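Observations on chain architecture
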Amino acid sequence: MTEITNRKKWFSESRYGLFIHFGLYSVAARHEWVQTLEEISVDEYKKYFDHFNPDLLDPNEWAKKAKEAGFKYVIITAKHHDGFCLWDTKETDYQICNTNYRKDLLNELIEAFRNVGMKIGLYYSLLDWHHHGFEVDGYHPMRNKHEYIERHPGDMHTYRKFMSNQVKELLSNYGKIDYIWFDFSYKSRDWGTSLGKGAEDWGSKVLETQILQLQPDILINDRLGLGRGVQTPEQFSRNKGLEDENALWETVQTLNNSWGYDRDNLQFKSSELVLKQLIDTVSKGGNFTMNIGPNARGLWDDRSASILSEVGQWLVRNGESIYGSTSCSYRPPIDCRYTQKGDKLYLHIFSWPYRTILLPDLGGKVSFARLLHDGSEIRFSDTKNLGGEREATTDLYKEITEVHIKEALDPTMLMLNVPIIKPNEFVSVIELTLKEALE
Ligand code: GLC
């Protein structure tokens with residue numbers, strides 16, 4: 001097996017990743033873009049640096065929570081657009097060891113997450129609103145401050161060198177890094193007075209070569225502007241999987257539309273919705289990466305923590321249908337999603353039906369069916385056993401069978417007989433054991 005296949009393997013088997021957005025914007029607590037949304041100058045923004053001290057942060061507690069919530073990998077914002085660095089970088093003073101926290105938080109987090117067996121991803125912002133080499137553009141907080149722009153014309157050459165040195169630090173000093181996540185390229189933007197930036201501005205090709213020399217097994221996302229890497233559709237669900245089944249993708253999502261801690265934003269997704277998004281993504285062959293924005297003291301807020309924990313509890317009982325599973329070519333019934341793994345087909349029921357579910361194309365192909373969360377048998381009929389006495393044990397049951405007999409007699413169909421009462425699960429999963437494993 002080649003290295004490439006290996007790294008693809010851990011990624012697609014994981015299926016569920018955790019994004020962590022944590023930095024100076026956690027103190028402002030109103031979106032990680034606050035600096036530019038409110039056009040806060042670098043000098044004014046310094047108050048967040050001065051007051052940054054996540055004194056209640058326990059890296060092992062974060063890792064424990066993440067593990068319990070069912071995440072298999074983590075992506076940590078080493079540097080976000082505001083330019084603040086969570087590690088002890090030699091390249092700038094604008095970093096964690098110079099705040100009241102005084103320790104290399106990135107190092108602590110990497111160790112803690114590694115200790116619970118999770119793979120490590122690092123997010124690195126290509127935008128940098130603090131570094132003077134970074135040319136002011138339409139996203140920059142100082143875009144309307146002409147004096148500032150005159151005094152800081154930018155020097156992308158210096159900035160590229162800075163990025164390359166920082167990436168070298170990240171990939172040399174923290175052991176094996178499984179995934180590096182750049183954010184983002186916006187070459188097509190044109191603000192009239194400034195243009196967007198892309199691969200050439202970042203020196204993406206050179207960066208990519210450097211990265212692969214330092215960590216040959218690493219995965220790189222697709223935002224360097226090179227048209228390759230792990231695809232990262234943000235905040236939307238794909239209609240269908242990719243043509244190239246070997247291409248890797250993950251949809252990255254927030255709980256409340258903000259990546260950084262956003263105190264007054266209460267538009268949280270329900271646990272059920274998050275779970276349905278996760279299932280839907282895996283049914284299309286992708287990964288689902290959910291975000292948390294811890295607060296300024298370093299705690300996970302209660303609302304976020306409880307959603308993630310509810311999804312995690314569902315995964316304890318039903319995770320078989322997610323981890324290591326992928327899309328399949330069978331057409332699911334309405335309001336259902338399939339995932340598959342070897343000889344198992346997992347039917348996820350988004351809307352609980354009355355007594356029966358007809359499964360197209362599965363007639364004669366299933367040897368056993370059970371509800372995944374409690375392992376209880378689900379009886380089924382297809383042309384092989386319909387009409388026989390075997391399952392028609394009560395009049396009621398016989399009646400139901402007869403109602404469906406016409407459709408069920410279609411030899412391609414299989415009919416599941418489900419309980420009237422919906423199990424107490426956000427989404428119930430029926431595991432179908434196939435007589436022959438799928439590819
Ligand atoms: C974006 C945003 C950002 C966030 C990221 C996560 O492109 O700029 O704030 O970190 O997406 O995907």
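No experiment lies behind these values; they were computed from the predicted model shown. (Residues numbered from 1 in each chain as written. Predicted model: local features only at pLDDT ≥ 70, side-chain atom pairs only at ≥ 80, totals over all residues. Heavy atoms only, no water.)

1. Here's the deal with the overall build of the protein
Tallying secondary structure elements over the protein gives 13 helices and 14 strands in all. Per-residue burial for the protein yields a buried fraction of 56% across its 439 residues. If you take every contact in the protein between residues at least 6 apart in sequence, the share linking residues at least 24 apart comes to 70%. Counting only carbon and sulfur atoms, one obtains 48% of the accessible surface of the protein, whose full area is about 19,500 Å². (Helix = DSSP H or I, 4+ residues; strand = E, 2+ residues; numbered from the N terminus. Buried < 20%, exposed > 50% of the residue type's maximum accessible area, 1.4 Å probe, protein only. Contact = heavy atoms within 4.5 Å. Areas by Shrake-Rupley, 256 points an atom, 1.4 Å probe, with all protein chains shown as cover.)

2. Focus: the sheet that holds strand β14 (residues 428–434)
Ordered by their spatial adjacency, four strands build an open sheet running β8-β9-β14-β11, and the pairing between neighbours is antiparallel. The open sheet has two free edges, formed respectively by β8 (336–341) and β11 (366–371), since each of these has just one partner strand. Sheet twist, expressed as the mean angle between neighbouring strand axes with direction ignored, is 20 degrees. Where β8 meets strand β9 (residues 344–349), six bridges bridge the pair, whose relative direction is antiparallel. In the sheet register, lysine 341 faces β9, and the bridge partner there is lysine 344. Lying over the sheet, helix α11 (residues 271–283) contacts β8 and β9, oriented at roughly 55 degrees with respect to β8. (Pairing = 2+ DSSP bridges. Axes fitted to C-alpha atoms, helices over the stretch in contact; angles between N-to-C directions.)

3. Here we look at the confidence of the model for the protein
For the protein, per-residue confidence averages 93 on the pLDDT scale, and residues scoring 70 or more make up 93% of the total. Under a pLDDT of 50 for its full length, residues 387–392 has, in the predicted model, ten contacts with residues more than four places off or in other chains. (pLDDT = per-residue confidence, 0-100.)

4. A word on a nonpolar patch on the surface
On the surface, Tyr354, Ile420 and Ile421 cluster together to form a nonpolar patch covering roughly 380 Å² of accessible area. Its place among the elements puts tyrosine 354 in the loop between β9 and β10 (356–359). (Patch = residues over 30% accessible without salt bridge, like charges linked within 9 Å, V, L, I, M, F, W, Y side chains within 5 Å. Salt bridge = Lys/Arg side-chain N within 4 Å of Asp/Glu carboxyl O.)

5. Section: the environment of leucine 345
As for its placement among the helices and strands, leucine 345 is situated in strand β9. You can call leucine 345 buried: its relative accessible area is 0%. If we skip the residues at most four places from it in the chain, leucine 345 touches Cys328, Tyr330, Tyr338, Thr339, Gln340, Leu362, Ile430, Glu431, Leu432, Leu434 and Leu438.

6. As for the site of the ligand
Around the ligand, the structure places 13 residues, and the nearest of them are His21, Glu32, His80, His81 and Glu234. Here glutamate 32 contributes a side-chain N or O atom positioned 2.5 Å from an oxygen atom of the ligand. In this structure, an oxygen atom belonging to the ligand sits 2.9 Å away from a side-chain N or O atom of tryptophan 33. (Near = heavy atom within 4 Å. Polar contact = N/O pair within 3.5 Å; in protein donor to acceptor, adjacent residues only side chain to side chain.)

7. Section: the sheet that holds strand β7 (residues 287–292)
Pairing is parallel across the open sheet formed by seven strands, whose spatial order is β5-β4-β3-β2-β1-β7-β6. Pairing within the sheet leaves two strands with one partner each, and these edge strands are β5 (219–220) and β6 (250–253). Sheet analysis places strand β4 (residues 179–183) next to β5, joined by two bridges and oriented parallel. Among the inter-strand pairings, isoleucine 180 is bridged to a residue of β5, identified as isoleucine 220. Against the sheet, helix α8 (residues 156–172) makes contact with β2 (73–79), β3 (119–125) and β4, and its axis sits at roughly 165 degrees relative to β3, the strand it touches most. Of the strands in this sheet, β1 (16–20), β6 and β7 are in contact with α11, which crosses β7 at around 150 degrees.

8. With respect to the pairing of β6
Burial along β6 is two-sided: Glu250 and Val252 facing one way and Thr251 and Gln253 facing the other are all buried. When β6 meets β7, the two strands line up parallel, connected through four bridges. Among the inter-strand pairings, threonine 251 is bridged to a residue of β7, identified as phenylalanine 288. Remark: the β6/α11/β7 crossover connection has right-handed handedness. (Right-handed = clockwise from strand over helix to strand, strands pointing away.)

9. A look at the nonpolar core
If you look at the biggest cluster of nonpolar residues, it comprises 89 residues, and the most contacted ones within it are Tyr16, Phe113, Phe182 and Leu308. In terms of residue count, α8 provides more of this core than any other element does, seven residues in total. The residues touching tyrosine 16, leaving out its near neighbours within four places in the chain, are Ala69, Gly70, Phe71, Lys72, Tyr73, Leu278, Phe288, Met290, Leu308, Val311, Leu315 and Tyr323. Leu345, Ala369, Leu414 and Ile430 belong to the second largest nonpolar core, which has 21 residues in total. (Core = buried A, V, L, I, M, F, W, Y, C linked by side-chain atoms within 4.5 Å.)

10. Side note on helix α10 (residues 204–214)
Considered for burial, the residues of α10 that qualify are Ser204, Leu207, Glu208, Gln210 and Ile211. The buried residues of α10 occupy an angular sector of 165 degrees when the element is viewed end-on, so they sit on one face. In α10, the exposed positions that point more than 90 degrees away from the buried face belong to Lys205, Val206 and Gln213. Along its buried surface, α10 packs onto α8, β4, α9 (199–202) and β5. (Arc of directions from axis to C-beta.)

11. Regarding unusual backbone geometry
Most peptide bonds take the trans configuration, and most residues that are not glycine carry a negative phi. Following aspartate 183, the chain continues to phenylalanine 184 via a peptide bond in cis, the omega torsion being -10 degrees. In this structure, phenylalanine 184 sits in the loop between β4 and α9. Positive phi, normally seen in glycine, also occurs at alanine 29, with a value near 60 degrees. Checked against the element boundaries, alanine 29 lands in the loop between α2 (25–28) and α3 (34–37). Given the relative accessible area of 8%, alanine 29 is considered buried. With a phi angle near 70 degrees, aspartate 361 is a residue other than glycine that sits in the positive phi range. Relative to the assigned elements, aspartate 361 resides in the loop between β10 and β11.

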